[in-house]
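Understanding the architecture of this molecule
Spelled out from the first residue to the last, the chains are:
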Number of protein chains: 2
Amino acid sequence: MTVTTRTAATLPLALEWSTDNCQVARTMAILGERATIEVLREVFNGVRRFDDMHRHSGVARQVLSNRLAMLVDEGILRRVPYRPEGARVRHEYRPTAKGLDLYPILTAMADWGARYVVGPEGAPVEMAHRGCGSRVHAVLECESGHRLDDPRDVAPVPGPGATRIS
Amino acid sequence: MTVTTRTAATLPLALEWSTDNCQVARTMAILGERATIEVLREVFNGVRRFDDMHRHSGVARQVLSNRLAMLVDEGILRRVPYRPEGARVRHEYRPTAKGLDLYPILTAMADWGARYVVGPEGAPVEMAHRGCGSRVHAVLECESGHRLDDPRDVAPVPGPGATRIS
DNA sequence: CAGTATCCGGTGCGATACTG
DNA sequence: CAGTATCGCACCGGATACTG
């Protein structure tokens, strides 16, 4: 036994389970590149056209092009054609439902970052409730309705897609 | 005006605000590398010794060494010496409070990944409430007590650390 | 305005070998 | 067992130039 302590004896040990195809790692594989998170921030902030994103974020055009294509390919953004009056057709990038569902992830990162990685001047960005204007945070809740304020009450367990290691 | 639509007129336009030092990007800079998330998963799963992590995760020794040092340096993990009886002193890596506070991020990613990036066999990993065993999810809640089930009710706004552009 | 083509540098990561 | 040293490749990302 190499693992020293486990709080609950019913929780299986990680060493007995494969972590291949872990959905957290897969999610990070999509979001983890630096340019990707910059592109997403622009889109969620309402900046949706190529050149505006380029100027505002500073991401190189080639990289921006690559990331936008990848995010469209993943179904996180979609290209929407529109026509400014008197001009030819243009495209803008908007989040899909799958893209909007990234908000809990971005909010959780904004919360953690605000607490641990920003200086005394405060966080550059916050999440707000459109309805009432209050700040929004990501909180943990279990399906029995308990709210988990202490992260030590959480533990990863193998899901239905886990595979046992010999 | 290059931005096409905004739901609430009170929300400032992103183009007027610098996104430098955004805490989401900074957080991603720490967590975004592939090996980092693998290391964190091992630690949160209770695998805390170097060689166990190496064998179980498949991360190369040099990379594992680098990531562990970085995470200790960031205050997310700490090295804890211990002595198995009859052996010389060893070290294990444990999450700090700052590290445990990553749970909302990891849970939000597990939720999103389970919905969008895993096959029909189901998610390999889930989060559980130690107290009652129920599955744990990350939900959005505002400081006025509203629960936000629709991510379209969220909008990023400049925080106290934001700086106006010219 | 909205990209693509091409080149190049930095580095994340894997593999192998070595140390206390 | 728990790392460090070294090598090499792949790839992300920046800069410049070109196209419809």
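Surrounding DNA strand C, one finds 17 residues, the nearest of these being Arg61, Gln62 and Ser65 of chain A together with Arg34 and Arg88 of chain B. Sugar plus phosphate: this is where 62% of the atoms of DNA strand C within 4 Å of the protein reside. Within the side chain of Glu33 of chain B, one N or O atom sits 3.1 Å away from a sugar or linking oxygen of DNA strand C. In this structure, a phosphate oxygen belonging to DNA strand C sits 2.6 Å away from a side-chain N or O atom of Arg34 of chain B. Looking at the surface near DNA strand C, the elements that each hand over two or more residues are helix 3 (50-57), helix 4 (61-73) and strand 2 (90-95) of chain A together with helix 2 (34-44) and helix 4 (61-73) of chain B. A per-element tally of the surface near DNA strand C places helix 4 of chain A first, with three residues. Partitioned by chemical class, the residues of the surface near DNA strand C number five nonpolar, three polar and nine charged.

All names here are of chain A. For the structure on display, the rule yields four aromatic pairs over all chains. Ring geometry for Phe44 versus Tyr103: centroids 4.8 Å apart, planes at 55 degrees, classification tilted. Of this pair, Phe44 sits in helix 2 (residues 34-44) while Tyr103 sits in helix 6 (residues 103-116), and the two are 59 residues apart along the sequence. The exposure classification of Phe44 matches that of Tyr103, with both residues buried. Each ring, one from Trp112 and one from Tyr116, has its centre 5.3 Å from the other, and the planes form 50 degrees; the classification is tilted. Separated by four residues within a single helix, Trp112 and Tyr116 lie in helix 6, roughly one turn from each other. Here Trp112 falls in the buried class, since its relative accessible area comes to 3%. Residue classification places Tyr116 among the partly exposed positions, given a relative accessible area of 23%.

What counts as what
Residues numbered from 1 in each chain as written. Chains lettered and ligands numbered in written order. Predicted model: local features only at pLDDT ≥ 70, side-chain atom pairs only at ≥ 80, totals over all residues. Heavy atoms only, no water. Near = heavy atom within 4 Å. Polar contact = N/O pair within 3.5 Å; in protein donor to acceptor, adjacent residues only side chain to side chain. Helix = DSSP H or I, 4+ residues; strand = E, 2+ residues; numbered from the N terminus. Nonpolar A, V, L, I, M, F, W, Y, C, P; charged D, E, K, R; others polar. Phe/Tyr/Trp six-rings, centres within 6.5 Å; stacked < 30°, edge-to-face > 60°. Buried < 20%, exposed > 50% of the residue type's maximum accessible area, 1.4 Å probe, protein only.

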